[in-house]
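# Coordinates in review
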Amino acid sequence: MNKLTMKQLPVMERPYEKLLEYGEETLSNAELLAIILKNGTKSETAVEIAQKLLMLDENNDLSSISKLEINELKKVKGIGKVKAIQIKAVLELAKRIARPVNEENKKITTSEQVYELLRYECINQIKEIFFVINLDVKNNLLKISKLAMGGKSQIALNMNDIYRDAIKLGASSIILVHNHPSGDTTPSTSDITFTYKAIEASKVLDIELLDHIVISNSEYTSMRAEELFD
């Protein structure tokens, strides 16, 4: 028996037509992905390819796709380089849409604000990312410096990296932030040792280190709140 193509399916089983008729919120994850993929193969519809893509994660979790590299996406039959790039671009757009707006001149007064400001940058990351939040004397945001992406467990940085932008900007204080891809935001021994070195450097440079915050997809730990600062 020959397999039905997308055009041969009933109109309301086609993602494009279904979206037009009922709205995008009625489509499944596979149907939305199928619209991005646009075309299937001779043997599979775009929806079926999208379903296989979702099955790369045991929980069929859409957000897990953002962890996949281009070459990993291409392992699914029917997804070439161009389609893999399109998927990555759409997921990055979704991440940027979710970020807080009006970051410039934002006043930072709590660790929760820091978490909300940067957690979307770290969603589903498999590597550690390090940020320095540079603040003026009134705790207004001057710049978020994204310094490095390391391995799955650590980043190699020195004090010159940490304070370079703060010195250029004339910042009064900084907040250090990095993610733990494991999801456990408990500061490691190396996190604590690094923070102590940063505190000593801050005293020399007269740029106060307000906090070092470890974040994950769903939680954060403030090292100052945990009384890990001197």
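See the structure above.
Keep in mind that what you see is a predicted model, and the values were worked out from it rather than measured. (Residues numbered from 1 in each chain as written. Predicted model: local features only at pLDDT ≥ 70, side-chain atom pairs only at ≥ 80, totals over all residues. Heavy atoms only, no water.)

### What to know about the overall build of the protein chain
Along the backbone of the protein chain there are 8 helices and 5 strands. Traced from its N-terminal end to its C-terminal end, the protein chain shows the element sequence α-α-α-α-α-α-β-β-α-β-α-β-β. Per-residue burial over the protein chain gives 39% buried out of 230 residues. Taking contacts inside the protein chain between residues at least 6 apart in sequence as the whole, the part at least 24 apart equals 57%. (Helix = DSSP H or I, 4+ residues; strand = E, 2+ residues; numbered from the N terminus. Buried < 20%, exposed > 50% of the residue type's maximum accessible area, 1.4 Å probe, protein only. Contact = heavy atoms within 4.5 Å.)

### What to know about the nonpolar core
Counting residues in hydrophobic clusters, the biggest one holds 18 residues, and the most contacted among them are Phe130, Ile162, Tyr163, Ile174, Leu176 and Leu209. Looking at this core, the elements that each hand over two or more residues are β1 (129-135), α7 (159-169), β3 (173-179) and α8 (189-205). The leading source of residues in this core is α8, at 4 residues. If sequence neighbours within four positions are ignored, Ile174 has contacts with Val132, Ile133, Asn134, Ile162, Tyr163, Ala166, Ile207, Glu208, Leu209, Leu210 and Asp211. With 17 residues, the next largest nonpolar core counts Val47, Ile49, Val76 and Ala84 among its residues. (Core = buried A, V, L, I, M, F, W, Y, C linked by side-chain atoms within 4.5 Å.)

### A look at the packing of aromatic side chains
Across all of its chains, the model carries 2 aromatic pairs by this definition. Ring plane angle 70 degrees and centroid distance 5.7 Å describe the contact between Phe130 and Phe194, whose orientation is recorded as edge-to-face. Of this pair, Phe130 sits in strand β1 while Phe194 is found in helix α8, placing the two residues 64 residues apart along the sequence. Each of the two residues, Phe130 as well as Phe194, counts as buried. (Phe/Tyr/Trp six-rings, centres within 6.5 Å; stacked < 30°, edge-to-face > 60°.)

### Details of the side chain of Arg119
Mapped onto the fold, Arg119 is located in helix α6 (residues 111-122). Owing to a relative accessible area of 18%, Arg119 belongs among the buried residues under this scheme. For Arg119, the side chain forms a polar contact with the side chain of Tyr120, separated by 2.9 Å. Contact partners of Arg119, with chain neighbours within four places excluded, come to Ile215, Ser216 and Asn217. (Polar contact = N/O pair within 3.5 Å; in protein donor to acceptor, adjacent residues only side chain to side chain.)

### Section: the packing of helix α1 (residues 15-22) against helix α2 (residues 29-37)
The interhelical angle for the contact between α1 and α2, taken along N-to-C directions, is 115 degrees, at an axis separation of 9 Å. Pair α1 / α2 crosses with left-handed handedness. Across from Pro15, Tyr16, Lys18 and Leu19 in α1, the residues of α2 making contact are Glu31, Ala34 and Ile35. Counted by class, the contact of α1 with α2 contains 5 nonpolar, no polar and 2 charged residues. (Axes fitted to C-alpha atoms, helices over the stretch in contact; angles between N-to-C directions. Left-handed = near helix turned anticlockwise from the far one by under 90°. Nonpolar A, V, L, I, M, F, W, Y, C, P; charged D, E, K, R; others polar.)

### Regarding the pattern of salt bridges
As enumerated under the stated definition, the model contains 8 salt bridges in all. Across the salt bridge formed by Glu17 and Arg14, the nearest N and O atoms sit 3.6 Å from each other. (Salt bridge = Lys/Arg side-chain N within 4 Å of Asp/Glu carboxyl O.)

What is shown is where atoms sit, not what they do.
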